[in-house]
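# Examination of the molecular architecture
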Amino acid sequence: MGNGDYQCPHPVAIPPSKPLSKSLQSSIKETFFPDDPFRQFKNQPLSRKLVLGLQYLIPILEWAPRYTFDFFKSDVIAGITIASLAVPQGISYASLANLPPILGLYSSFVPPLVYAMLGSSRDLAVGTVAVGSLLISSMLVKEVNPHDNPKLYIQLALTATFFAGVFQASLGFLRLGFIVDFLSHSTIVGFMSGAATVVCLQQLKGILGLIHFTHETDLVSVIRSVFSQTHQWRWESGVLGCCFLFYLLLTRYFSKKRPVFFWINAMAPLTSVIFGSILVFLTHAEKHGIQVIGHLKKGLNPLSVSELAFGSPYLSTAIKTGIITGVIGLAEGVAVGRSFAIFKNYHIDGNKEMIAFGMMNIAGSCTSCYLTAGPFSRTAVNFNAGCKTAVSNIVMATAVMITLLFLTPLFYYTPLVVLSSIIIAAMLGLIDYQAAIHLWNIDKFDFTVCMGAYLGVVFGSVEIGLVIAVTLSLLRVLLFVARPRTSVLGNIPKYSMVYRSTDQYPIANNVPGVLILQIDVPVYFANANYLRERISRRIFEEEDRIKSSSEITSLHYVILDLGAVGSIDTSGISMLEEIKRIADRKGLELLLANPRSEVIKKLDKSKFIENIGQERIYLTVREAVAACNFMLHTCKPNPADAGQTIPENNV
């Protein structure tokens, strides 16, 4: 190997230190403002900044001037279509939350109007959600019985909605939306499927015409409650419920097979309510065991500010319920909004969505509404109906307003069993077994998280399922940080400059006399000790491999590729110092390759560079290997003494 062409490699630069204020400012910007929302205000006059600020806070001011009559025609059709779904769903989900059915209609009037002004999604249809309704019921019923003390129960539900809105809006204003990211996709799949299963089981009360039923949500309690009352089952109710459930599932199947007829599935809940009401009215079935909704008050939402129970002894329960339901509502709504935004190739702002959700729930809690979000089923109907903007929510709210003013007496004969059938049909669509199979095929740990959430909800409670899922997700993050991978790199034949993991590329060759290790994550106190043990073991394993293979060249150099190490703390630096001492005791040279800006800066401040020597730090793995090869063939003890670079084909 020739030594006449070898040149000293370019030294690794140490970036200049920044003042603490600038470093702090940069960190805050990257954490809370990754989308740089202030860039649009640069170099703008004050009047323009005020306009842009209002448009940012109230998105309707930004797109309303460009609104056209063609958009309006599409939004009217979509709004009327989702209103036909919102009315029966609102009544059904309110019953699921153990609240008066009229509150479900109220919740489809004011919140959609607020969201239309503040939301950034064109497709999201706002309304009550089954999972949120179940959460409110399961958490509040432990403290207050909705039948014994209905007024207090309603007050706590409205108070929980208020705190859900405050929490959601706070996340948006403080730009803390990343908290919701702790609910991973697998967590949401398992939790939603488990909650849907529980909701379906709860509806056995309506299907079988039972009057008394357990307030618990776990599978064992529900099954025990059902089969301990076999003598009270009403066959009339069961037959009617099964017939309507079959009708709803049949319309969904047909609409999936023929997407152009999506409106058949969208109209199915309303037609079920109409047919059921007519049937009960004509046959007087309410006198034969078929329970009906009964009287619904006419009129728009009454103010409920005075009903918020801030002085209640159950205030802590309302706050806890609000926070949990607020997080779930955000996770579902933002995920649904982003999913449909992808289809139309536009972007929604997660922080704006949180503010919009929060403000609509705060306004809703003051106008007799309970928790609202962005349900998938209603949004899918809105999307398929051809909505263009959030005006479809305004049209839906207008249709609900007309219902509240003039049509509520028509729901007197609506059978509760039809509402149960509507809920079951909607919930069966949320049990996403295909997503669970997909998780199993791709990532077994994600599948475990999913099943942990599902089983926790079904056999425990919605809170237990949520805690299990979040705990498993955080455990995975901790394991990833605390037990990072360290890969042995080798040179891929015919590509002298390329070094890749020998596990991923078995054809990669080990460099004689050199062990190249790559660390894949930032080095912190949580993984520093593990990395020390792992690197030490890699050195022992490489020495044993060389001995067993009878290679001529023994191990002389250890190169650590730090290209993937974005940051390091003092524990990590101490780990590198220990590795240096271990290498020295074995007579090995430790070299570093491709250190990142933050890493090299801290290594310099800690005097580690002075300890190891600037000449042992290289820009790339290739340069470090070239120096090691030169030293091995010139028998010099220090890579710094190398004079010139070997030709590329000899590396």
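The text that follows walks through the structure, step by step, so that each part is easy to find. (Residues numbered from 1 in each chain as written. Predicted model: local features only at pLDDT ≥ 70, side-chain atom pairs only at ≥ 80, totals over all residues. Heavy atoms only, no water.)

## Observations regarding the overall build of the protein chain
Selection criterion: Per the convention used, a helix needs a DSSP run of H or I reaching at least four residues, while a strand needs a run of E reaching at least two, with both numbered from the N terminus. The buried label goes to any residue with under 20% of its type's maximum accessible area, the exposed label to any with over 50%, and the partly exposed label to all in between, with areas taken from a 1.4 Å probe on protein chains only. Any two residues whose heavy atoms approach within 4.5 Å are treated as being in contact. All accessible-area figures derive from a Shrake-Rupley calculation using a 1.4 Å probe, and residue coverage is judged against the displayed protein chains alone. Counted as positive: Lys and Arg. Counted as negative: Asp and Glu. His and the chain ends are not counted at all. A charge is said to be at NZ when it belongs to Lys, at CZ for Arg, at CG for Asp and at CD for Glu.
When helices and strands are counted, the protein chain shows 26 helices and 6 strands. Projected onto its principal axes, the C-alpha coordinates of the protein chain cover approximately 105 × 65 × 55 Å. Residues counted as buried form 52% of the 651 residues belonging to the protein chain. Pairs at least 24 residues apart make up 79% of the contacts formed inside the protein chain by residues separated by at least 6 positions. Carbon and sulfur atoms make up 63% of the accessible area of the protein chain, which amounts to about 30,400 Å² in all. Computing the positive centroid from 53 side-chain charges and the negative centroid from 44, the protein chain places the two 6 Å apart.

## Topic: the side chain of Ser193
So the rule is basically this: The definition of a polar contact used here is a pair of N or O atoms within 3.5 Å, where within protein one atom must be able to donate a hydrogen and the other to accept one, and adjacent residues in sequence count solely through side-chain atom pairs.
Summarising the element assignment, Ser193 is placed in helix 9 (residues 185-202). By relative accessible area, Ser193 is classed as buried at 6%. In this structure the side chain of Ser193 is engaged in a polar contact, spanning 3.3 Å, whose partner is the backbone nitrogen of Asp432. In this structure, Ser193 is in contact with Leu430, Ile431, Asp432 and Tyr454, ignoring residues within four places of it in sequence.

## What to know about the packing of helix 19 (residues 433-442) against helix 20 (residues 444-459)
The condition is simple: Each axis is a line fitted through C-alpha atoms, taken for helices only over the stretch in contact, and angles between the N-to-C directions span 0 to 180 degrees. The classification used treats Ala, Val, Leu, Ile, Met, Phe, Trp, Tyr, Cys and Pro as nonpolar, Asp, Glu, Lys and Arg as charged, and all other residues, Gly among them, as polar.
Taken N-terminus to C-terminus, the directions of helix 19 and helix 20 make an angle of 145 degrees; their axes are 6 Å apart at the nearest point. Every residue of helix 20 that contacts helix 19 at Ala436, Leu439, Trp440, Asn441 and Ile442 is listed here: Lys444, Asp446, Phe447 and Cys450. Tallied by class, the residues present in the contact of helix 19 with helix 20 amount to 6 nonpolar, 1 polar and 2 charged.

## Description of unusual backbone geometry
Trans peptide bonds make up the majority, and among non-glycine residues the majority have a negative phi. For Asn345, which is not glycine, the phi dihedral falls at a positive 60 degrees. Inspection of the secondary structure puts Asn345 in the loop between helix 14 (315-343) and helix 15 (350-365). What makes Asn345 exposed here is its relative accessible area of 73%. One non-glycine residue, Asn594, adopts positive backbone phi at about 55 degrees. Residue class for Asn594 comes out partly exposed when judged on its relative accessible area of 34%.

## Thoughts on the pairing of strand 4 (residues 557-561)
Note the threshold: If DSSP finds at least two bridges between two strands, the strands pair. When the strands point away from the viewer and the path from the first strand over the helix to the second turns clockwise, the crossover is right-handed.
Counting buried positions over the 5 residues of strand 4 gives 5, a clear majority of the element. Where burial is concerned, the two faces of strand 4 agree: the one with Tyr557, Ile559 and Asp561 and the one with Val558 and Leu560 are both buried. Of the strand pairs in this sheet, strand 3 (residues 514-519) and strand 4 are connected by 5 bridges, and their pairing is parallel. For Leu517, the partnering residue across the bridge sits in strand 4 and is Leu560. A crossover connection joins strand 3 to the parallel strand 4 through helix 22 (residues 525-549); in handedness this β-α-β unit is right-handed. Tracing the backbone out of strand 4, into helix 23 (residues 570-585) and back to the parallel element strand 5 (residues 589-593) gives a crossover that is right-handed.

## Let's talk about the nonpolar core
We apply this condition: Side-chain atoms within 4.5 Å are what join buried Ala, Val, Leu, Ile, Met, Phe, Trp, Tyr and Cys residues into a set we call a nonpolar core.
One finds Phe191, Tyr370 and Met427 to be the most contacted residues of the largest nonpolar core, which totals 98 residues. Residues within four places of Tyr370 in sequence aside, it is in contact with Tyr93, Ala94, Ala97, Leu99, Leu103, Gly104, Ser107, Thr128, Ser133, Ile136, Thr161 and Asn361. Counting 33 residues, the second largest nonpolar core, distinct from the first, contains Leu531, Val558, Leu590 and Leu603.

## A short note on the packing of aromatic side chains
We apply this condition: For Phe, Tyr and Trp, rings pair up if their centres lie within 6.5 Å, where Trp contributes its six-membered ring, and each pair is then called stacked (planes under 30 degrees apart), edge-to-face (over 60) or tilted (otherwise). Throughout this description, the term charge over a ring refers to an Arg CZ or Lys NZ atom that lies within 6 Å of the ring centre and within 35 degrees of the ring normal.
Summed over all chains, the structure comprises 12 aromatic pairs. Between Phe162 and Phe163 the ring centres are 5.5 Å apart and the planes differ by 80 degrees, which places this aromatic pair in the edge-to-face class. The same class applies to Phe162 and to Phe163, which are both buried. Centroid distance Phe281 to Tyr413: 5.2 Å. Interplanar angle 70 degrees. Geometry classified as edge-to-face. Taken together, the residues span a long stretch of sequence, with Phe281 in helix 13 (residues 262-283) and Tyr413 in the loop between helix 17 (391-407) and helix 18 (416-428) at a distance of 132 residues. Residue Phe281 is classed as partly exposed on the basis of its relative accessible area of 47%. One residue, Arg122, lies across the ring of Tyr346, its end atom 4.1 Å from the ring centre. Its guanidinium or amino end placed over the ring of Trp440, Lys444 lies 4.7 Å from that ring's centre, counting from NZ or CZ.

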